[in-house]
Amino acid sequence: KNIVILISGSGSNMAAIIQAAQQQDWAKTLNARVAAVVSNKADAKGLEFARQHGIATEVLDHKAFASREAFDAALSEVIDQYQPVLVVLAGFMRILTPGFVGHYAGRLVNIHPSLLPAFTGLHTHQRAIDAGCRFAGATVHEVTAELDVGPILAQAVVPVLPGDTAQSLAARVLVQEHAMYPQAVADWLSKQAG
Ligand code: GRF
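If you're wondering where the values come from, they're calculated on a predicted model, not measured in any experiment.

What counts and what doesn't
Residues numbered from 1 in each chain as written. Predicted model: local features only at pLDDT ≥ 70, side-chain atom pairs only at ≥ 80, totals over all residues. Helix = DSSP H or I, 4+ residues; strand = E, 2+ residues; numbered from the N terminus. Rg over C-alpha atoms; globule rule 2.2 N^0.38 Å. Buried ≥ 20, exposed ≤ 12 C-beta atoms within 10 Å, placed from the backbone. Contact = placed C-beta atoms within 7 Å. UniProt positions renumbered as here; feature names shortened; annotations may be inferred. Near = placed C-beta within 6 Å. Nonpolar A, V, L, I, M, F, W, Y, C, P; charged D, E, K, R; others polar.

Caption draft 1: Quick look at the overall build of the chain. Helix and strand counts for the chain stand at 7 helices and 7 strands. What you see in the chain, going N to C, is helices and strands ordered as β-α-α-β-α-β-α-β-α-β-α-β-β-α. The C-alpha atoms of the chain give a radius of gyration of 16 Å, which matches the 16 Å a tight globule of 194 residues would have. Across its three principal directions, the C-alpha atoms of the chain cover 50 × 40 × 30 Å. Every one of the 194 residues in the chain was classed for burial, and the buried ones make up 38%. Taking the intrachain contacts of the chain between residues at least 6 apart in sequence as the baseline, contacts between residues at least 24 apart amount to 67%.

Caption draft 2: Geometry of the UniProt feature "binding site: (6R)-10-formyltetrahydrofolate" (unreviewed entry) in the chain. Per the UniProt entry, the sites bearing "binding site: (6R)-10-formyltetrahydrofolate" (unreviewed entry) are Arg68, Met93, Arg94, Ile95, Leu96 and Asn110 in this numbering. By the element assignment, Arg68 lies in helix α4 (residues 68-80). Considering the arrangement of structural elements, one finds Met93 in the loop between β4 (84-89) and α5 (98-103). Non-local contacts of Met93, meaning those with residues more than four positions away in its chain, are made with Ser8 and Gly9.

Caption draft 3: Region of interest: unusual backbone geometry. Here the residue pair Leu116 and Pro117 is connected by a cis peptide bond, since its omega of 10 degrees sits within 30 degrees of zero. Here Pro117 shows up in the loop between β5 (108-112) and α6 (124-130). Residues other than glycine seldom take positive phi values, yet Asp25 does so here, at roughly 50 degrees. If you trace the backbone, Asp25 turns up in the loop between α1 (12-23) and α2 (26-29). A residue is classified by how many C-beta atoms lie within 10 Å of it, and Asp25, with 10 of them, is exposed. Despite not being glycine, Phe119 has its phi angle at roughly 55 degrees, a positive value. Phe119 sits in the buried class, given 21 other C-beta atoms within 10 Å.

Caption draft 4: Expanded view of the environment of Asp164. Mapped onto the fold, Asp164 is located in the loop between β7 (152-159) and α7 (166-190). Since 19 C-beta atoms lie within 10 Å of it, Asp164 is described here as partly exposed. Separated by 161 residues in sequence, Asp164 and Ile3 place their C-alpha atoms 36 Å apart. With residues up to four places along the chain from it excluded, the contact list for Asp164 reads Ile129 and Leu169.

Caption draft 5: Molecular detail of the site of the ligand. Around the ligand, the structure places 15 residues, and the nearest of them are Ser10, Ser12, Asn13, Gly91 and Pro113. If you list the elements that add at least two residues to the shell around the ligand, you get α1, β5 and α7. If you tally residues by element for the shell around the ligand, the top one is α1, at 3 residues. Taken together, the residues of the shell around the ligand sort by class into 7 nonpolar, 7 polar and 1 charged.

Now the structure itself:
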């Protein structure tokens, strides 16, 4: 069972998944492997980590395409070379077209740095602080056509502490993301037959 991970930046969630896959020997336990990492940015830090761990990498620059539809069509083509059972968005900072989402219906997951359904979109940590939230967190969810909406698969909660900045809160949440996302992917895979 092939997994394809999409990133745009540092790829720390991607790294956590790759590490879990190798340390927990997903090839044996889940008959699964991270087959490829795809980035829309050539300088995404995560690409180097993937290469060092023997995983195929692909770069597809969205700026080279005239429209979102054209980019997504090309992206699907790249992804489908690996025939994935699961496509994992891990800090992939492009909004995906309904056509793309439909093509991967039921096999596309994302991690969002808030306790959904609160704070969809960007700047989630600052917005949680500004709202006076006592708790913040992250959510793994299935991707549907609407942004940051879709069945919730897992959530992790952290306290918002006095004096928190968006940065300090983000760092606290990210630690939980790295524990939660690999587990949520493993749970998803273990529920798939075969
Ligand atoms: C994470 O906070 C994730 O929840 C959000 O973007 C960030 C990506 O970080 N979607 P990384 O690239 O996995 O380090």
